[in-house]
Amino acid sequence: MSESKQPLTERVYLLLKDDILHARLAPGATVLEADLAARFGVSKTPVREALRLLVQDGWVTVLPRKGYVVRSLGLEDLRDVFQLRELLEPEFAGQAAARFAQLRGGAAGVTDALNAHRGAADDLELALSSAADFHIGIAEVAGNARAARMIASLADEVTRLHHLIPSLEPHIWSREELDAHERIAAAITAGNRRDAARAMRDHLRSTHQALVQVFGVPRRASRG
């Protein structure tokens, strides 16, 4: 959809979310309807609706009678994200492997994302988006569109973290990251449900460990 045909609320929402993910709006920053309306050249109504959607999605919180504040991102948030991912994604990787042979197009989206990631070189945006697309694509191959949307939201948190902490950049381009994605893709295309789930679980745990080191605190032990 061209920008001119895009609903104002959606356009403002996407611009603000992009600012948050790229740390142009930093955690703790206060945002005001009047300022945003002037910036985007729109009335307060689409701004208010866009902010309501961002509150709903958990990117900003309401400051009564003051405006809105960009949500912080700390160790607990990171733990929550990867706890959810470890619950969801190994199962979907296994399901993708089980369904692979039945799909007319195979796992083209997953393969395309992996190839894009390989060719990202020093392009951080491409590396992050293709890595996210790889994980989202696996849920799509598994046949669960709702899970794909959920994983996309969780991947956004990782994207935001990379922009907040530039020292994380080498991780997304690392050989370890690419090798892990290649092992997952190989297991899926081989139809090996068990290996696909295991490779995904190992990858998520390794990634979580690498990101948690930024905070200088050991990873929380699994419960139960």
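Residues numbered from 1 in each chain as written. Predicted model: local features only at pLDDT ≥ 70, side-chain atom pairs only at ≥ 80, totals over all residues. Heavy atoms only, no water.

**Student:** Can you help me understand the layout of surface pockets in this one?
**Tutor:** A probe as big as a water molecule, rolled over the atoms, marks out the empty space that is left. By volume, the second largest pocket is sized at about 240 Å³. In terms of lining residues, the second largest pocket is bounded by 15 residues, among which Leu21, His22, Ser129, Asp156 and Thr159 are the most central. The element contributing the most residues to the lining of the second largest pocket is helix α6 (residues 124-141), with 6 residues. When grouped by side-chain class, the residues that make up the lining of the second largest pocket number 7 nonpolar, 3 polar and 5 charged. (1 Å grid on protein atoms, 1.4 Å probe; cavity = no way out; pocket = protein on both sides within 12 Å on 5 of 7 lines; lining within 4 Å. Points joined across faces, edges and corners; volume = space filled by probe spheres on them. Helix = DSSP H or I, 4+ residues; strand = E, 2+ residues; numbered from the N terminus. Nonpolar A, V, L, I, M, F, W, Y, C, P; charged D, E, K, R; others polar.)

**Student:** What am I meant to see in the pattern of salt bridges here?
**Tutor:** When charged atoms on two side chains of opposite charge get close, those side chains can pair. Applying the stated criterion to the full structure yields 16 salt bridges. Arginine 175 is paired through a salt bridge with aspartate 179; the nearest N and O atoms lie 2.8 Å apart. You can see arginine 175 and its partner aspartate 179 sitting in helix α9 (residues 175-189), 4 residues apart, about one turn around the helix. Given the relative accessible area of 48%, arginine 175 is considered partly exposed. For aspartate 179, a relative accessible area of 28% puts it in the partly exposed group. The partner of aspartate 195 in a salt bridge is arginine 198, and the shortest N-O contact between them spans 2.8 Å. Here aspartate 195 and its partner arginine 198 are both found in helix α10 (residues 193-212), 3 residues apart, which amounts to about one turn of the helix. For aspartate 195, a relative accessible area of 33% translates into the label partly exposed. (Salt bridge = Lys/Arg side-chain N within 4 Å of Asp/Glu carboxyl O. Buried < 20%, exposed > 50% of the residue type's maximum accessible area, 1.4 Å probe, protein only.)

**Student:** Sorry if this is basic, but what is going on with the pairing of strand β3 (residues 67-70) here?
**Tutor:** Working note: regular strand, side chains alternate between the two faces of the sheet. Pairing of strand β1 (residues 30-31) with β3 involves 2 bridges; the strand directions are antiparallel. The residue bridging valine 31 from the neighbouring strand is tyrosine 68, located in β3. Direction of pairing for strand β2 (residues 60-63) relative to β3: antiparallel, over a ladder of 4 bridges. Directly across from valine 60, in β3, lies its bridge partner valine 70. With antiparallel pairing between neighbouring strands as the criterion, β2 and β3 make up a hairpin whose turn holds 3 residues, including arginine 65 at a positive phi of roughly 65°. (Pairing = 2+ DSSP bridges.)

**Student:** Would you take a moment to explain empty space enclosed by the protein for this structure?
**Tutor:** Going through the model one piece at a time under the given rule, you end up with 1 cavity of 30 Å³ or more. Computed from the structure, the largest cavity encloses a volume of approximately 170 Å³. Taken together, 16 residues form the lining of the largest cavity, with Arg85, Ala131, Val158, Ile172 and Glu177 sitting closest to its centre. Elements that contribute at least two residues to the lining of the largest cavity include exactly α4 (75-100), α6, α7 (145-164), α8 (169-173) and α10.

**Student:** Explain α10 to me, please; I cannot follow it from the model alone.
**Tutor:** Counted at 1.5 Å a residue, the expected span for α10 with its 20 residues is 28 Å, and the 29 Å between its end C-alpha atoms agrees. Of the residues making up α10, those classed as buried are Ala196, Ala197, Ala199, Met200, His203, Leu204, Thr207, His208, Leu211 and Val212. Packing partners of the buried residues in α10 comprise α4, α6, α7, α8 and α9. (Expected span 1.5 Å × (residues − 1). Contact = heavy atoms within 4.5 Å.)

**Student:** Mind showing me how you'd approach the UniProt feature "domain: HTH gntR-type" (unreviewed entry) in the chain here?
**Tutor:** Feature annotation in UniProt places "domain: HTH gntR-type" (unreviewed entry) on residues 6-73, given in this structure's numbering. With 53% helix and 15% strand, residues 6-73 has end C-alpha atoms that lie 30 Å from one another. (UniProt positions renumbered as here; feature names shortened; annotations may be inferred.)

**Student:** Mind showing me how you'd approach the confidence of the model for the chain here?
**Tutor:** Close inspection of predicted coordinates is inappropriate for parts of the model with low pLDDT. Summing up the model confidence of the chain, the mean pLDDT is 90 and the portion of residues at 70 or higher is 92%. pLDDT under 50 marks residues 217-224. Its contacts with residues more than four places away, or in other chains, come to 15 contacts. (pLDDT = per-residue confidence, 0-100.)

**Student:** Mind showing me how you'd approach the sheet that holds β2 here?
**Tutor:** Consider a sheet: its strands pair through backbone hydrogen bonds, and that pairing is either parallel or antiparallel. Overall, antiparallel pairing links the 3 strands, which are arranged β1-β3-β2 in an open sheet. Whereas interior strands pair on both sides, the edge strands pair on one side only; in this sheet they are β1 and β2.

**Student:** What am I meant to see in the nonpolar core here?
**Tutor:** Formed by 41 residues in total, the largest nonpolar core has its most connected members in Phe82, Phe134, Ile138, Leu161, Ile184, Ile188 and Leu211. Among the secondary structure elements, those contributing two or more residues to this core are α4, α5 (108-118), α6, α7, α9 and α10. Of the residues forming this core, the biggest block, 10 residues, is contributed by α4. Once residues lying within four places of it in the same chain are set aside, the contact partners of phenylalanine 82 are Val158, Leu204, Thr207, His208 and Leu211. Residues Ile20, Ala37, Leu54 and Val60 belong to the second largest nonpolar core, which totals 19 residues. (Core = buried A, V, L, I, M, F, W, Y, C linked by side-chain atoms within 4.5 Å.)

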